Amino acid sequence: MLNFKRRIQDSTNGPTTYVAASTTIAGTVTGKGAYVFCGTVEGDCDIDGPLTLAAGGRWKGTLKATDIVVAGVVEGDVIATQRVEILGTARVTGSLAGNSIAVAEGGV
């Protein structure tokens with residue numbers, strides 16, 4: 001989790017919202033600032049800031065944010081206004097869009 005915190009701190013100056021691994025969210029998620037999701041989400045999001053889906057996290061729906069780091073599983077599209085980073089533990093079924101896209105070895 002240390003890498004996620006560092007990446008988030010590099011992207012934003014405000015507080016970070018963490019969603020625990022034991023949490024399940026159904027519906028649309030909107031907000032401003034940095035978000036780290038460790039749980040399960042079924043729905044779309046539109047975040048004005050960086051978003052991280054941690055390893056073990058699952059998302060079914062469209063992710064929209066400024067910068068997106070995916071280490072978990074996404075069933076849907078990943079759309080960033082800046083960059084998308086797919087880590088080695090990530091599995092994405094959907095399209096990726098952003099000004100820059102990086103996929104680590106092992107990421108699918």
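One can find the structure itself at the top, above this paragraph.
A brief report on the enclosed structure follows. (Residues numbered from 1 in each chain as written. Predicted model: local features only at pLDDT ≥ 70, side-chain atom pairs only at ≥ 80, totals over all residues. Heavy atoms only, no water.)

Details of the sheet that holds strand S1 (residues 16–19)
- Strand order in the open sheet made by the six strands is S1-S4-S7-S10-S13-S16, with parallel pairing throughout. If you trace the sheet from one side to the other, it starts and ends with S1 and strand S16 (100–103), each paired once. Taking the axes of each pair of neighbouring strands and ignoring which way they run, one obtains an average angle of 10° across the sheet.
- Sheet topology note: the strand S7 (residues 51–53)/strand S10 (residues 68–70) ladder contains three bridges and is parallel. Its bridge partner being in S10, Leu51 is matched across the sheet by Ile68. (Pairing = 2+ DSSP bridges. Helix = DSSP H or I, 4+ residues; strand = E, 2+ residues; numbered from the N terminus. Axes fitted to C-alpha atoms, helices over the stretch in contact; angles between N-to-C directions.)

Notes on the packing of aromatic side chains
- Counted by the stated rule, this structure contains two aromatic pairs.
- Note on Tyr35 and Phe37: the rings are 6.0 Å apart at their centroids and 10° apart in plane angle, and the pair reads as stacked.
- Residue Tyr35 is classed as buried on the basis of its relative accessible area of 12%.
- Look at Phe37 and you get buried, because its relative accessible area is 1%.
- For the ring pair Phe37 and Trp59, a centre distance of 4.9 Å and an interplane angle of 90° mean the geometry is edge-to-face. Highlighted residues: Phe37 in strand S4 (residues 34–37) and Trp59 in strand S8 (residues 58–60), separated in sequence by 22 residues.
- For Trp59, a relative accessible area of 2% translates into the label buried.
- Aromatic rings pair up to connect Tyr35, Phe37 and Trp59 into one cluster. (Phe/Tyr/Trp six-rings, centres within 6.5 Å; stacked < 30°, edge-to-face > 60°. Buried < 20%, exposed > 50% of the residue type's maximum accessible area, 1.4 Å probe, protein only.)

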